[in-house]
2 protein chains.
Amino acid sequence: MNKQFLLAARPEGMVRESDFMLVETPIQTPEAGDILVEVQYMGLEPAMRGWMENRADYIAPLALGDVMRGFGAGRVSLSNNADYPVGSLVTGSFGWQQYYLHKADATALQRVPEGVSLRAAIGIFGITGMTAWFGLERIGKPTDGDIFVVSSAAGATGSVAGQLAKIRGCRVVGITSSATKCEWLTDTLGFDAAVNYRDPDWQQQLAHACPDGIDIYFDNAGGEILNTALGLIRNAARVVLCGGISRYNASSPLSGPANYFNLIFRRASMQGFIVLDHTTEFSAAIEAMQPLVASGKLQHADTLNQGFEALPSALIALFQGANQGKQLVAVSAQRQSL
Amino acid sequence: MNKQFLLAARPEGMVRESDFMLVETPIQTPEAGDILVEVQYMGLEPAMRGWMENRADYIAPLALGDVMRGFGAGRVSLSNNADYPVGSLVTGSFGWQQYYLHKADATALQRVPEGVSLRAAIGIFGITGMTAWFGLERIGKPTDGDIFVVSSAAGATGSVAGQLAKIRGCRVVGITSSATKCEWLTDTLGFDAAVNYRDPDWQQQLAHACPDGIDIYFDNAGGEILNTALGLIRNAARVVLCGGISRYNASSPLSGPANYFNLIFRRASMQGFIVLDHTTEFSAAIEAMQPLVASGKLQHADTLNQGFEALPSALIALFQGANQGKQLVAVSAQRQSL
């Protein structure tokens, strides 16, 4: 049988376990050209909140009763397609289920590159790693000596963006949600400074960590963190709008950053992007990142929760900042994951 | 004697006449190399609110007791500089006074181009016209068929930006503050549509005028107008942050545009600029605009108030939206202005 989580309700305020419904359905039989993937890991992303709500119109709508969308990694367990023999390791938009049937006419099944683990394939080399790469390269446009600040810095995207900026010669400051994560950023990942936004004086700490202002602000947070960073930008700064985790579960009406007006005084720009616009360029980015990962210059971490049933609670934990690096869930029907 | 308005107080809420103090001082005598300009017209700009407050750090601070800053046009009345003989027509940052002493070592005295009136020199060919040109060309980057929306559309900058966008092949929609101004925009200036934001259903009107969304939004307003426009942008839109007249006289804490987040979904950008960064390119822009003005393709208007003493009330009227086109004041000590 195939366990699936269906979208049971549009979330209001914080995502709840009851927004999902667990069902078991017979595993579908592959027809000519089809491939059956046994899903091993699901990656969780803050953007899922938007998918659940159908606010995110850059991606096909999710109806109530649909299998919840999610990017995963797995192994081909039945194949009618010679290009993907049984045992092939693949990633794709598999959804929250243990078996994914890839139809002959479907696209978007990616091969896991040689030498890359399944976990890394949906972590640093997956959507969130790609988000860090393209946000930095295409919008942040770092140059040597730039002051780079990133929020949700210990998350899957932020931790990679910060390290990539460091490799590009920036001074890197991370904003995150605990002292432990701050330590991880500076002591393990090599950030120049880190600020815990739960400290009452975090705004002073941030200003102190960036005495000359900010050239690139990579925003995963929104809210007061974005506003504070906008107050510190310097001339010709680039604000990379990547996400807004503080917004996704808000139940009261949201306001925008009052300091947006500083974009005028500082001749600065704020630009949004959708990583899925760059899928045709993913392989080139992965190729560029692989040697950095292999040499240990670019580190990655994940937080792995066990068991298919853990998906909803792991998503909620992600919004509470429990993860360090990529939030994954081992969802395989088989006891042991690859 | 030289009449001057000094900055008497930092404004709180709406600018008041009492924020300025009228004084009369002896006209200074030009020394070697100096030039004395008899100021004929002062141009008024919304940005003046920021100068009074010292919020605008892109320009030298104004201290209490300083002559209020302002760009004007006038005639050289005494000269110790062969490059500017008596009678030369010039523009510059003369300040709110009737006589401006240009020191030998000062820069930033511009010659009025051949065939351009003093009023046009500080209107369409002055700071506000340049703001329209550089905001459109450098940030808006119009292409044929783009949908272009501008706020404060009947103002000195908005009316020029809209016409320039029209010349560049855009569909142009203006947002302004009265039915009369709407009529002027569509019937005289050739805008495709205009919306009066004082109408209760202006947001529906705007959406109706832009059924396919907005490619370029040129913002002079901030506040709810910016927010509404951000809700209508389409993919790869450019939001030109030029000003925020709704903000300048606000007495309560300002909020930002909640719809900024749409910049992500729409892969769009919002960028600020300061026209004074482009002074070395002004003459090229003026040269490009002159034939458009001469042929009547690019029209301009101004609202002229009479008498030096009218400066404070004219500035207040500007914030109330009383002007159509450039707000000028004829300030000459002589009875008749050129």
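For the structure itself, consult the block above.
All figures in this text were calculated on a predicted structure; none of them were measured in a lab.

Gaps left between atoms are located by rolling a probe of water-molecule size over the structure's atoms. Residue and element names in this part refer to chain B. A full pass over the atoms with the stated rule returns one cavity of 30 Å³ or more. Approximately 80 Å³ is the volume attributed to the largest cavity. What lines the largest cavity is simply R119, A120, G123, I124, T128, A156, S159, V160, H300, A301, D302 and K326. Listing elements by their share of the lining of the largest cavity, those giving two or more residues are α2 (118-121) and α4 (156-167). Split into classes, the residues belonging to the lining of the largest cavity amount to five nonpolar, four polar and three charged. Looking at the lining of the largest cavity, you find at least three residues from each of domain 1 (2-123 + 300-330) and domain 2 (127-275).

Attention shifts here to the interface of chain A and chain B. In this assembly, 34 residues from chain A lie in contact with 34 residues from chain B. Area buried by chain A at its contact with chain B is led by Y260, F265 and R267 of chain A, which between them contribute 24% of it. Seen at the junction of chain A and chain B, the total is two salt bridges. Here R267 of chain B and D277 of chain A are joined by a salt bridge, their closest N and O atoms 2.7 Å apart. At the boundary of chain A and chain B, one finds eight residue pairs in polar contact (both at pLDDT 80 or more). Of all elements in the fold, only α7 (223-230), α8 (245-248), α9 (262-265) and β13 (269-272) of chain A reach the threshold of two or more residues within the side of chain A that touches chain B. Alignment of β13 of chain A against strand β13 (residues 269-272) of chain B, held across three bridges, turns out to be antiparallel. The residue bridging Q271 of chain A from the neighbouring strand is S269 of chain B, located in β13 of chain B.

Here we take up the packing of aromatic side chains. In this structure the tally under the stated criterion is 21 aromatic pairs over all chains. Centroid distance F5 of chain B to W96 of chain B: 6.0 Å. Interplanar angle 80 degrees. Geometry classified as edge-to-face. Of this pair, F5 of chain B sits in strand β1 (residues 2-7) while W96 of chain B is found in the loop between β5 (89-92) and β6 (99-102), placing the two residues 91 residues apart along the sequence. Judged by its relative accessible area of 5%, F5 of chain B falls in the buried class. Aromatic rings pair up to connect F5, F20, W96 and F308 of chain A into one cluster. Sitting above the plane of the Y84 of chain A ring, R111 of chain A keeps its charged end 4.2 Å from the centroid. Above the ring of W51 of chain B, the side-chain terminus of R69 of chain B is found at 5.6 Å from the ring centroid.

Here is what the cut-offs are and how they apply
Residues numbered from 1 in each chain as written. Chains lettered and ligands numbered in written order. Predicted model: local features only at pLDDT ≥ 70, side-chain atom pairs only at ≥ 80, totals over all residues. Heavy atoms only, no water. 1 Å grid on protein atoms, 1.4 Å probe; cavity = no way out; pocket = protein on both sides within 12 Å on 5 of 7 lines; lining within 4 Å. Points joined across faces, edges and corners; volume = space filled by probe spheres on them. Helix = DSSP H or I, 4+ residues; strand = E, 2+ residues; numbered from the N terminus. Nonpolar A, V, L, I, M, F, W, Y, C, P; charged D, E, K, R; others polar. Domains from an automatic or database assignment. Contact = heavy atoms within 4.5 Å. Buried area = accessible area lost by both parts, 1.4 Å probe. Salt bridge = Lys/Arg side-chain N within 4 Å of Asp/Glu carboxyl O. Polar contact = N/O pair within 3.5 Å; in protein donor to acceptor, adjacent residues only side chain to side chain. Pairing = 2+ DSSP bridges. Phe/Tyr/Trp six-rings, centres within 6.5 Å; stacked < 30°, edge-to-face > 60°. Buried < 20%, exposed > 50% of the residue type's maximum accessible area, 1.4 Å probe, protein only. Lys NZ or Arg CZ within 6 Å of the ring centre and 35° of its normal.

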